[in-house]
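Notes for the structure review
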Amino acid sequence: MPIVSAFIGILAQGTQFQWDIVWKFLFDSSILQGAIITIVLAIISQFTGSVIGLLIYLIRRTPLRPAAEAYIWFFRGTPLLVQLLFLTNIFPLLNLARPLNSSTIFTDLGFQYMPLSFFLGAFLAFAFNEGAYMAEIMRAGIDSIDPGQMEAAKSLGMSYGLAMRRIVLPQAARVIIPPLGNEFNSMLKTTSLAGYFGVLELYGAGFNIGNSLFKPLELAIDLSIWYLLMTTLWGFVQSYLERRFNASTLDGTKGTRFIDRVLGRGTPATESAAEAIMTGGRR
Amino acid sequence: MTQEQQSSMTPMVAATDVHKWFNQTEVLRGVSLTVGRGEVVVIIGPSGSGKTTFLRCLNHLEKIQQGQITIDGENIGYRVENNGKLKEDSEKNISHVRAQIGMVFQRFNLFPHMTALQNVIEAPIHVLGISKAEAEERARQLLQKVGLAHKADAYPNKLSGGQQQRVAIARALAMQPKLMLFDEATSALDPELVGEVLKVMKQLAEEGMTMVVVTHEMGFARDVADRVVVMDQGQIIEQGQPAALFANPQQERTRTFLGMVRRAE
């Protein structure tokens, strides 16, 4: 679809690529709004996906294990695009589309109107999908902690939950944060799929402008600049987080340097953790 | 002795006919052991004899399939149902009994993301619910007792093995346990560090702590134990006062084991 419209766009405008269009729309209000929606959508989806991932890890230890396995099987076995298609269209069936879409939450906040059911459906699809992948990351992280830690905690009278919260998870965080950061980098970009389903996030906003002006290439440059800005800023945050969680640790391994992060080079520790996690391909 | 009189009423540990299988292998084959208040029992035996497994059953880090274990009169791990079957107890009840039992592990298992002091105050604050100030005051006394007051703010990776193990002992003592279990507490230590840990254990024994100690340190058994228990192939084959047992073992297997240990020493 975007390739086709790009082609049509080139035909319509003749051959000229207009840099002034690029600069004109770089800070257009609907692009800025889209960037904010993208960031919000990515953060809430990643957060919820991480919580789901942890829940799946815990459910795997109970007799409900098959349900957890089925969840992972389904969400890793179907395309995210199909999950988006399903979840952005499920609300009418539940008689929820009308109440949701009459919500003025976006306009109240000064954004363009968009149907809340689209936003909600996209959020759920990203969160559910991410949950299936985060479950593996959580498992790799938690299982990397010496079982002696849990035993020591239990021998002091701690319950499983308390031991998990106070002893195991803080240590596992060190292993989980690098791949979690990579997931969020990925999420910032993956949310662009929501643009196809009526969510006015960055891609959707840029696509609409480019399409209506027959200037898709110019807007593609704008989108690239914005996505690069977001992922680069996140790279800083991630480096900081990794250093912080390494501050009081076992072997004094340093967090990944920013430049290595941007260029996709991890520390040995990060890479082995990432390797452990990359079982079964990524989307 | 008054302690012995008390123990005649409720022993600190009463294990009766404990059986445990790992899959098809029966690793504990009917172990019964009673430990009185203030008594120091040292369990020795060849590796694979089940002594560590048995110790771990005493605070339910291992499940058992048959038998009964009580700590100061309270069942640990299981409730015995009317039909005589064992049913695993609720996590809350298990944790409640465990909180009264200190355990020291071969590999220390200090929490690496916490300082020595934080290791010691963690459970008193979050399990017993005592205030941070009170927990810290008591923790500093305990670190002093094990000779590590100056290392309170050190992370475990900055401590030697012997120091880590002494922090681990302080951490267990901070729960004011009725009973201390030592699982080969000196086996992972460099030889020159063994003494400092044994010294702390000996001091505890002299203060009247009830202790069950699995060890390969025959010197410690000889000097500190009230009773030495010999295990082999998942059973207790012999027990007695250390002087008598070491001088005149009754069982052939005990003689073989002690002979091998002596040669190694």
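Residues numbered from 1 in each chain as written. Chains lettered and ligands numbered in written order. Predicted model: local features only at pLDDT ≥ 70, side-chain atom pairs only at ≥ 80, totals over all residues. Heavy atoms only, no water.

What follows concerns the overall build of chain A. Along its length, chain A carries 14 helices and zero strands. Helices and strands in chain A line up, N terminus first, as α-α-α-α-α-α-α-α-α-α-α-α-α-α. In chain A, which comprises 283 residues, the share counted as buried stands at 48%. Taking all contacts inside chain A whose residues are at least 6 apart in sequence as the whole, residues at least 24 apart take part in 77%. Carbon and sulfur atoms provide 69% of the accessible area of chain A, an area that totals close to 14,000 Å². (Helix = DSSP H or I, 4+ residues; strand = E, 2+ residues; numbered from the N terminus. Buried < 20%, exposed > 50% of the residue type's maximum accessible area, 1.4 Å probe, protein only. Contact = heavy atoms within 4.5 Å. Areas by Shrake-Rupley, 256 points an atom, 1.4 Å probe, with all protein chains shown as cover.)

Bringing the packing of aromatic side chains into the picture now. Under the criterion given, the structure shown has 10 aromatic pairs over all chains. Between W19 of chain A and W23 of chain A, the aromatic rings sit 5.8 Å apart at their centres with planes inclined by 25°, giving stacked as the arrangement. In this pair, W19 of chain A and W23 of chain A both sit in helix α2 (residues 19–26), four residues apart, roughly one turn of the helix. Overall, W19 of chain A belongs to the partly exposed group, its relative accessible area being 46%. The interplanar angle of 25° and the centroid separation of 5.8 Å between the aromatic rings of Y203 of chain A and F207 of chain A together place this pair among those described as stacked. Taken as a pair, Y203 of chain A and F207 of chain A lie in helix α11 (residues 202–213) at a separation of four residues, close to a single helical turn. Taking the relative accessible area as the measure of exposure, Y203 of chain A reaches 15% and is therefore buried. What makes F207 of chain A partly exposed here is its relative accessible area of 22%. Members of the aromatic cluster, connected to one another through ring pairs, are Y71, F74, F75 and F128 of chain A. Here the basic side chain of R61 of chain A rests over the ring of Y160 of chain A, its NZ or CZ set 3.9 Å away from the ring centre. Between R222 of chain B and the ring centre of F246 of chain B, over which it is positioned, the NZ or CZ distance is 5.0 Å. (Phe/Tyr/Trp six-rings, centres within 6.5 Å; stacked < 30°, edge-to-face > 60°. Lys NZ or Arg CZ within 6 Å of the ring centre and 35° of its normal.)

The subject of this paragraph is the environment of T107 of chain A. All names here are of chain A. Within the fold, T107 resides in helix α7 (residues 105–108). Along the chain, T107 and L54 lie 53 residues apart, while their C-alpha atoms are 34 Å from each other. Sequence-distant contacts of T107, defined by excluding residues within four places in its chain, comprise Q112 and Y113. One polar contact links the side chain of T107 to the main-chain carbonyl oxygen of T104, over a distance of 3.0 Å. (Polar contact = N/O pair within 3.5 Å; in protein donor to acceptor, adjacent residues only side chain to side chain.)

Further remarks concern empty space enclosed by the protein. All names here are of chain A. A complete count under the given rule lists four cavities of 30 Å³ or more for this structure. Size it by volume and the second largest cavity reaches roughly 40 Å³. The wall of the second largest cavity is formed by S30, Q33, G34, I37, F111, Q112, M114, L200 and A205. With four residues, helix α3 (residues 29–59) is the largest single contributor of residues to the lining of the second largest cavity. (1 Å grid on protein atoms, 1.4 Å probe; cavity = no way out; pocket = protein on both sides within 12 Å on 5 of 7 lines; lining within 4 Å. Points joined across faces, edges and corners; volume = space filled by probe spheres on them.)

Right, let's talk about the confidence of the model for chain B for a bit. Averaged over every residue, the pLDDT of chain B is 93; residues scoring 70 or more account for 97%. On the interface metric, ipTM, the complex scores 0.93, and its pTM is 0.83. (pLDDT = per-residue confidence, 0-100.)

This part takes up the environment of R107 of chain B. All names here are of chain B. By the secondary structure assignment, R107 is in the loop between β8 (101–104) and α4 (116–128). Note on R107: relative accessible area 59%, which makes it exposed. Each C-alpha atom of the pair R107 and Q165 lies 8.1 Å from the other, and the pair is 58 residues apart in sequence.

What follows is about unusual backbone geometry. Residue and element names in this part refer to chain B. Positive phi outside glycine occurs at D17, with the angle close to 50°. Looking at the secondary structure, you find D17 in strand β1 (residues 13–22). Residue classification places D17 among the partly exposed positions, given a relative accessible area of 32%. In this structure, E184 takes a positive phi of about 45° despite not being glycine. By the secondary structure assignment, E184 is in the loop between β9 (179–183) and α7 (191–206).

Moving on: the interface of chain B and chain A. Contact residues are listed per partner, giving 25 residues for chain B and 23 residues for chain A. Summed over both partners, the interface of chain B with chain A buries about 2,000 Å², with 58% contributed by carbon and sulfur atoms. Contact with chain A buries area across many residues of chain B, yet F111, P112 and H113 of chain B alone supply 25% of it, more than any other trio. Taken together, the links from chain B to chain A amount to two salt bridges. The closest approach of N and O atoms between E151 of chain A and R56 of chain B, which form a salt bridge, is 2.6 Å. Put simply, chain B and chain A have seven residue pairs in polar contact (both at pLDDT 80 or more) between them. In terms of residue count, α4 of chain B provides more of the side of chain B that touches chain A than any other element does, four residues in total. Residues that form the side of chain B that touches chain A fall into these classes: 14 nonpolar, six polar and five charged. (Buried area = accessible area lost by both parts, 1.4 Å probe. Salt bridge = Lys/Arg side-chain N within 4 Å of Asp/Glu carboxyl O. Nonpolar A, V, L, I, M, F, W, Y, C, P; charged D, E, K, R; others polar.)

Turning our eyes to something else, we now look at the sheet that holds β1 of chain B. Residue and element names in this part refer to chain B. The four strands lie next to each other as β2-β1-β4-β5, forming an open sheet whose pairing is antiparallel. Sheet topology places β2 (25–35) and β5 (74–75) at the edges, where each strand pairs with a single neighbour. Here strand β4 (residues 66–71) runs beside β5; their pairing, made up of two bridges, is antiparallel. By the bridge assignment for β5, I71 is matched with E74. (Pairing = 2+ DSSP bridges.)

With that out of the way, let us pick up the pairing of strand β12 (residues 235–240) of chain B. Residue and element names in this part refer to chain B. Note that strand β11 (residues 227–232) and β12 share five bridges and pair antiparallel. Bridge pairing in β12 places V230 opposite E238. Hairpin geometry of β11 and β12 is characterised by an intervening segment of two residues between the two adjacent antiparallel strands and by a positive phi of about 50° at Q233.

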